[in-house]
Amino acid sequence: MVVITLQRNKCIGCNYCVEVAPAQFQMSKKDGKSVLLHSSEKKGFFTIKSYDESIFDPANEAKKACPVNIIEVKQT
């Protein structure tokens, strides 16, 4: 299982996550911050859990590209 978490309120809107993982991330037209697609929110953290292992590599690249380190990617 792949777990991706985004701490959206700290996003600076650089768009790197969308460039490397467009299937998981999108930029909001409202506030210019990143949106983790199909996620659920709890206390400011947006999370998705997926059995699709193919999303791990692009999501991990997004984590590495993020200049403010607000993306967490785990594989269990």
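Residues numbered from 1 in each chain as written. Predicted model: local features only at pLDDT ≥ 70, side-chain atom pairs only at ≥ 80, totals over all residues. Heavy atoms only, no water.

*Asks:* Would you explain the environment of Thr76 in this entry?
*Replies:* The topology assignment puts Thr76 in the segment after β6 (71-75). Given a relative accessible area of 70%, Thr76 falls into the exposed group. Residues Thr76 and Met1 lie 75 residues apart in sequence; the distance between their C-alpha atoms is 5.2 Å. (Helix = DSSP H or I, 4+ residues; strand = E, 2+ residues; numbered from the N terminus. Buried < 20%, exposed > 50% of the residue type's maximum accessible area, 1.4 Å probe, protein only.)

*Asks:* What's the story with the environment of Gly44 in this structure? I'm lost.
*Replies:* With respect to the helices, strands and loops of the structure, Gly44 is situated in the loop between β4 (40-42) and β5 (45-50). Overall, the relative accessible area of 22% leaves Gly44 in the partly exposed class. As a C-alpha pair, Gly44 and Glu19 span 25 residues in sequence and 23 Å in three-dimensional space. Not counting the four nearest positions on each side in its chain, Gly44 is found in contact with Leu6, Gln7, Arg8 and Asn9. (Contact = heavy atoms within 4.5 Å.)

*Asks:* Sorry if this is basic, but what is going on with the pattern of salt bridges here?
*Replies:* It is possible for side chains of opposite charge to pair when their charged atoms get near one another. Per the counting criterion, the structure on display carries three salt bridges. A salt bridge links Arg8 to Asp31, with the nearest nitrogen and oxygen atoms 2.8 Å apart. You can see Arg8 sitting in the loop between β1 (2-7) and α1 (16-20) and its partner Asp31 sitting in the loop between β2 (25-27) and β3 (34-36), a full 23 residues away along the chain. Asp31 gets classed as partly exposed once you look at its relative accessible area, which sits at 41%. Between Glu61 and Lys64 there is a salt bridge, with the nearest N and O atoms lying 3.5 Å from each other. Of this pair, Glu61 and Lys64 both sit in helix α2 (residues 56-65), three residues apart, roughly one helical turn. (Salt bridge = Lys/Arg side-chain N within 4 Å of Asp/Glu carboxyl O.)

*Asks:* Hey, could you run me through the nonpolar core in this one?
*Replies:* For soluble globular proteins, the rule of thumb is that nonpolar side chains tend to be buried together. Core analysis: the largest hydrophobic core is formed by 18 residues, its most contacted members being Ile4, Phe25, Ile71 and Val73. Put simply, the parts of the chain that give this core at least two residues each are β1, α1, α2 and β6. (Core = buried A, V, L, I, M, F, W, Y, C linked by side-chain atoms within 4.5 Å.)

*Asks:* Is there a simple way to explain the sheet that holds β1 in this structure?
*Replies:* Strand pairing in a sheet relies on backbone hydrogen bonds. The paired strands run either parallel or antiparallel. Read from one edge of the open sheet, four strands run β4-β5-β1-β6, paired in antiparallel fashion. In the strand order of this sheet, the two ends are held by β4 and β6, each with one partner. Each strand of the sheet is rotated relative to its neighbour by a mean of 25°, with strand direction disregarded. Bridge count for β1 against β5 is six bridges, and the pairing is antiparallel. (Pairing = 2+ DSSP bridges. Axes fitted to C-alpha atoms, helices over the stretch in contact; angles between N-to-C directions.)

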